[in-house]
Amino acid sequence: MKRSLQAESLHHRIAALENLPTLPAVAVELIRRWNEPDLSIRSITDILSRDPSLAAKVIQVANSPTFGLKKQVTSLNHAAALLGMNALRCVTLGVTVFQSFSDHRSEWMERLDVDEFWRHSLAVAVAAEMLAVRFGWASPEEAFLAGLLHDIGKIGLLSTDPDRYVQVVGQAAPGDRALVEYEADALSVTHTEVGKWIAERWGFPELFRDAVWLHHQPPGPGPILPGQIGKLVYLADHVARRARIGEAGNRAFGHDDHWLSDRFGLAGDELDSFTGELLIRVQALGEQLELPIPTVQVYLKALEEANRSLSRTGLTGQRELAASMRTGDILRTLSEIARLPVQEELEVDLLAHALDLIRERFELPWMVILTHDPILSTIEGVIFRKGMQRPRTFYQSFEGAEVGAITKNGGRKVFLDLLGDTVLSDGQRVNLREEVLQVLGSGQLMAIPLELGGNYRGECFVDTSNSKVVDSETRASLESAIEAAATLQDRARLYHDLRREAEAALQAARRESEALRQLFHIERLASVGRLAAGAAHEINNPLAVISGKAQLLLMDEKEPKRLKTLNDIVEQSERISKIIRDLMGFARPTHPSVTDVELAPLIENTLQMARHRLPKARTLFEVDIPEDLPTLRVDAKQVEQVLVNLVVNAIQAMGGEGKVTLRAARIDTSGMIGIQVEDTGPGIPSADLQKIFDPFFTTKREGEGTGLGLAVSQRIIETHGGNIRVSSHLGKGTAFFIQLPSGQGEEQPSPTRLKEALAARKPTKKRLLLVDDEAQLSDLIRDYLLSAGYVIDQAIDGVEALELMSTRNYDALVMDIRMPRKDGLEVLEELQETTPGIPTLIITGLATHEELEQAIQFGANKVLRKPFQLDELLSSIREITQQG
């Protein structure tokens, strides 16, 4: 906490420097643009011309004795051309950076040799540029600028805490430790961190911020790639300090010439040549900037002294290098294990790959890894032994109690007891217990427990004989690698768990989407229901009048043409009524009144109705119904509606020709009866097959269908607890498969219709009360029933009906349900008290199934939906008044 508070305090002090946020805009733009490969001197002078002081400094350097010009340079363009690109970089950035600390400069000028600092920065810049060219970087100018700016953090520390920082530099003078280590101990912050703060405050590009911040991080294995500017500056700093060019307070060397040779190919004469060229370039640039650089001879002498110093510490360095290489090897192995793709393989196969890497790294002759999953009651593992090209996996499932007994204290024994005889992934059989005992007797057995999150997960047995596991350090490395493998397996298990959860979440999202779709569908159906209800009310009443009038005219009409016209009116009225009924049936399905029904008569009625609806069709019918087939437990009329729809669709699909087959069979012990309706038509395209049960979807020509038939059929079958599906093949035909519940086999008499009621009518002089708010329909029914011999009184609503019934007795009541003032249900409820048991026929075009059920409960005897056939009306009245 103390260290972090010190660092935070220094951070605020750096940020509070008065001149820190005021780096000239010209300098910021130059830093941003210096690394552009196509930047020209003309472009630079255009930028410099905006800052008179900076332009004057460039002209001053151009007029220095170094160039030996006889005529004074007064033009900025001329001065820039003389200096060249690198000298311009040094002048412009050096001036702006140092001037930014000008108010504090007097405090640290006496404590730091500015020329030495500047020589070091210049040497690192040139070395970085040369190395960038050597490594094939596309923009070595970036490396030059990064090297020039890399140590600005030291100026920041000198400006904020000069006394303490000078002490730190003095402590680092012997060179036993790196300067950044002394800085961290004494100041809780390093010049690299301070430099990063300054670079961020000044808006340096990220590339240069990284160079300032990361130039003390040693490069890892492998080449230094373009963009890894921190690693490049680290190497350039090492080369510059090795050449003893300048002094920046850091005299510790983390590497020797072997490192330069092994890692970067800088060895012997080539290293000397590189260093000599570095010194020559720095000397030339220093002369342009009036900054003297030591000669080559001075450098060679310094190099000789440095080599003597390095030879004294060579043995220590070699030991440290060997340890570093071993650490690097194990880190590479750990990295390779961590990079194994957890998403592509099974957990145990992933563990086998990790074990293979460990085996190769430590040259292990034998090893076994065992892990257990107490939730799934499984043990899985990997084995490698002599004779195997690669590790083999194994997997076993046990009773929960056995695996649950595996704990850290007794885990090894339980593992070996459970896995005595084991089958490997390649089919081999091994006895793991004997394997372990054999290694224990003849090898060097090492047992490593596997723990994750404090929980014991398994065990690893390793034979370390004749391997690279030779001391405590390598044993610790092996344990780290085994732990990494166990962690990898756990990551894979977590990944697969998360993937399963994600798939479950996706399924839940799909279910939610389907629920929303169904909700939308239900809402649409509600709209259809409201439309259908309104249509039933507004259309069925006038439609009943039209149909009834036509039926009355048919009774006395003899002329054929008029007969056909009147029949057409009746048929089309019935068609309109059917559309309304379909809409109502689909939007507000009627709850089925189930009874035990024989299938054979039901199919016979279906075929008769289909022939009646399509009399011109020349279709063959084949019926295959077993004699011992159980009865259906269904609503006969609703199922008949489904079958008629399927058969008519099949006939229309075949153009009136072909064959329709109806089969039925018991479905084993499921308590269901299967019914199949198959045709030999052209089949249904797969794109249409997916939408076949959607409401309002039809492939028929306009006027031939509403697109509700199959949707209504599906709803009917599903409300019976059954299901319906379709199979079709283009050019071969289509088959619908229905499953419906079977019944008890009781005989159910089929309803009869009094088709000859009108012909058998005779005067009865029974008095009926007709209650309907639709005047024209009421008058039509009145006239028809008068002709049938009844005495008729009329009421327009429930209020008027009750008034009439209070003064007169009636033999029967014919009444609508939905009427103004008082509806039919209210009338029936009152009649239960005043006139119970009066025969009642309900005629309605709108009432719901629930309303009709309530009407029956209140005493109604029969229901007719509008529009209806007049003979049906008469038959129903005779039925409820017991006139046979």
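Residues numbered from 1 in each chain as written. Predicted model: local features only at pLDDT ≥ 70, side-chain atom pairs only at ≥ 80, totals over all residues. Heavy atoms only, no water.

Considering the overall build of the protein
Consideration 1: The number of helices and strands found in the protein is 34 helices and 19 strands.
Consideration 2: Every one of the 884 residues in the protein was classed for burial, and the buried ones make up 47%.
Consideration 3: When contacts within the protein are restricted to residue pairs at least 6 apart in sequence, long-range pairs at least 24 apart make up 67% of them.
Consideration 4: If you sum the accessible surface of the protein, you get close to 44400 Å²; carbon and sulfur atoms cover 50% of it. (Helix = DSSP H or I, 4+ residues; strand = E, 2+ residues; numbered from the N terminus. Buried < 20%, exposed > 50% of the residue type's maximum accessible area, 1.4 Å probe, protein only. Contact = heavy atoms within 4.5 Å. Areas by Shrake-Rupley, 256 points an atom, 1.4 Å probe, with all protein chains shown as cover.)

Here we look at the pattern of salt bridges
Consideration 1: With the rule as written, the count across this model stands at 29 salt bridges.
Consideration 2: A salt bridge links Arg177 to Glu181, with the shortest nitrogen-to-oxygen separation between them at 3.7 Å.
Consideration 3: Under the relative-accessibility criterion, Arg177 is labelled partly exposed at 31%.
Consideration 4: The partly exposed category is assigned to Glu181, whose relative accessible area is 37%.
Consideration 5: Glu657 is the salt-bridge partner of Arg618, the closest N and O atoms lying 2.3 Å from each other. (Salt bridge = Lys/Arg side-chain N within 4 Å of Asp/Glu carboxyl O.)

Re the sheet that holds strand β15 (residues 767-771)
Consideration 1: If you walk across this open sheet you meet the 5 strands as β16-β15-β17-β18-β19, and the pairing is parallel. Single-partner strands in this sheet number two, and they are β16 (791-795) and β19 (862-865). Adjacent strand axes in the sheet meet at a mean angle of 20°, parallel and antiparallel pairs treated alike.
Consideration 2: Packing against the sheet, helix α30 (residues 775-787) makes contact with β15, β16 and β18 (840-844), and its axis sits at approximately 170° to β16. (Pairing = 2+ DSSP bridges. Axes fitted to C-alpha atoms, helices over the stretch in contact; angles between N-to-C directions.)

As for helix α20 (residues 347-362)
Consideration 1: If you check α20, its first and last C-alpha atoms are 23 Å apart, about what 16 residues at 1.5 Å a residue would give, namely 22 Å.
Consideration 2: Most of α20 sits inside the fold, with 13 of its 16 residues counted as buried.
Consideration 3: Looking one or two places after α20, you find Glu363, whose phi comes out positive at around 55°. (Expected span 1.5 Å × (residues − 1).)

Let's talk about the packing of aromatic side chains
Consideration 1: Counted under the stated rule, the structure contains 4 aromatic pairs.
Consideration 2: Relative to Phe264, the ring of Phe135 lies with its centre 6.2 Å away and its plane at 35°, an arrangement referred to as tilted. In this pair, Phe135 sits in the loop between α8 (114-134) and α9 (140-149) while Phe264 sits in helix α16 (residues 257-264), placing the two residues 129 residues apart along the sequence.
Consideration 3: Overall, Phe264 belongs to the buried group, its relative accessible area being 9%.
Consideration 4: Summarising the aromatic geometry, the rings of Phe693 and Phe736 are spaced 6.3 Å apart at their centres and angled 85° between planes, so their arrangement reads as edge-to-face. (Phe/Tyr/Trp six-rings, centres within 6.5 Å; stacked < 30°, edge-to-face > 60°.)

What about the packing of helix α14 (residues 206-214) against helix α15 (residues 229-242)?
Consideration 1: It is the contact of α14 with α15, at a shortest axis distance of 8 Å, that shows an interaxial angle of 45°. The angle between α14 and α15 places the two elements in the oblique class. Seen along the crossing, α14 lies across α15 with a hand that is right-handed. The residues of α15 that touch α14, namely those facing Leu207, Asp210, Ala211 and Leu214, are Ile229, Gly230 and Val233.
Consideration 2: Tallied by class, residues from the contact of α14 with α15 come to 5 nonpolar, 1 polar and 1 charged. (Parallel < 35°, antiparallel > 145°, perpendicular 65-115°, else oblique. Left-handed = near helix turned anticlockwise from the far one by under 90°. Nonpolar A, V, L, I, M, F, W, Y, C, P; charged D, E, K, R; others polar.)

Some points on unusual backbone geometry
Consideration 1: Positive phi is not limited to glycine here, since Ser188 has a value of about 65°.
Consideration 2: Note on Ser188: relative accessible area 10%, which makes it buried.
Consideration 3: Positive phi values are uncommon outside glycine, yet Arg821 reaches one of about 60°.
Consideration 4: With respect to the helices, strands and loops of the structure, Arg821 is situated in the loop between β17 (812-815) and α32 (824-834).

Some thoughts on the nonpolar core
Consideration 1: With 58 residues, the main nonpolar core has Ile229, Leu232, Leu235, Leu260 and Leu278 as its most contacted residues.
Consideration 2: Tallying contributions element by element places α8 first for this core, with 11 residues.
Consideration 3: Once residues lying within four places of it in the same chain are set aside, the contact partners of Ile229 are Trp137, Glu142, Ala143, Ala146, Leu207, Asp210 and Ala211.
Consideration 4: Counting 44 residues, the second-largest nonpolar core is a separate cluster that includes Val382, Leu424, Cys460 and Leu488. (Core = buried A, V, L, I, M, F, W, Y, C linked by side-chain atoms within 4.5 Å.)

So, helix α23 (residues 432-442)
Consideration 1: Those residues of α23 that fall on the buried side of the exposure criterion are Leu432, Glu435, Val436 and Val439. Looking straight down α23, one finds its buried side chains confined to an arc of 95°; they lie on one side. Those residues of α23 that are exposed and aimed more than 90 degrees away from the buried face are Glu434, Gln438, Gly441 and Ser442. (Arc of directions from axis to C-beta.)

Regarding the environment of Gly548
Consideration 1: The topology assignment puts Gly548 in helix α24 (residues 472-556).
Consideration 2: Exposure remark for Gly548: the relative accessible area of 1% places this residue in the buried category.
Consideration 3: C-alpha of Gly548 to C-alpha of Leu870: the two residues are 322 residues apart in sequence and 6.6 Å apart in space.
Consideration 4: Among residues more than four places away in sequence, those in contact with Gly548 are Leu780 and Leu870.

Quick look at the sheet that holds strand β9 (residues 618-624)
For sheets, the rule is that strands pair by backbone hydrogen bonds, running either parallel or antiparallel.
Consideration 1: Taken in spatial order, the 5 strands line up as β9-β11-β12-β14-β13 in an open sheet, and their pairing is mixed. At either margin of the open sheet sits one strand with a lone partner, and together these are β9 and β13 (723-729). Neighbouring strand axes in the sheet, compared pairwise and without regard to direction, differ in orientation by 15° on average.
Consideration 2: Running over the sheet, helix α26 (residues 599-613) touches β9, β11 (657-667) and β12 (672-679) and is turned about 175° from β9.
Consideration 3: Most of the contacts of helix α29 (residues 709-719) go to strand β14 (residues 733-741), to which it runs at about 30°, and overall it touches β13 and β14.

Describing the side chain of Lys866
Consideration 1: Relative to the assigned elements, Lys866 resides in the loop between β19 and α34 (870-880).
Consideration 2: A polar side-chain atom of Lys866 sits 3.0 Å from a polar atom in the side chain of Asp772.
Consideration 3: Setting aside anything within four residues of it in sequence, one finds Lys866 in contact with Asn540, Asn541, Ala544, Ser577, Asp772, Leu777, Asp816, Ile843, Thr844 and Gly845. (Polar contact = N/O pair within 3.5 Å; in protein donor to acceptor, adjacent residues only side chain to side chain.)

Quick look at the confidence of the model for the protein
Consideration 1: Scored by pLDDT, the protein has a mean of 77; 77% of the residues are at 70 or more.
Consideration 2: The least confident element of the protein, judged by mean pLDDT, is helix α18 (residues 296-312) at 45; the most confident is β14 at 93.
Consideration 3: Note on residues 295-315: pLDDT is under 50 here. Beyond four places in sequence and across chains, it has 13 contacts.
Consideration 4: Considering only residues more than four positions removed or in separate chains, one finds that residues 745-764, a stretch of pLDDT under 50, has 31 contacts. (pLDDT = per-residue confidence, 0-100.)

Regarding the packing of helix α31 (residues 798-805) against α32
Consideration 1: Between α31 and α32, the least distance of the axes is 9 Å, while the angle of their chain directions is 25°. Overall, the two elements α31 and α32 adopt an arrangement that is roughly parallel. In this structure, α31 crosses over α32, and the sense of that crossing is right-handed. On α32, the residues that touch Gly798, Leu802 and Met805 of α31 are Val827, Glu830 and Leu831.
Consideration 2: Along the lines of polarity and charge, the residues of the contact of α31 with α32 split into 4 nonpolar, 1 polar and 1 charged.

Remarks on the environment of Ala600
Consideration 1: Along the chain, the position of Ala600 falls in helix α26.
Consideration 2: Taking C-alpha positions, Ala600 is 9.0 Å from Pro626, a pair spaced 26 residues apart along the chain.

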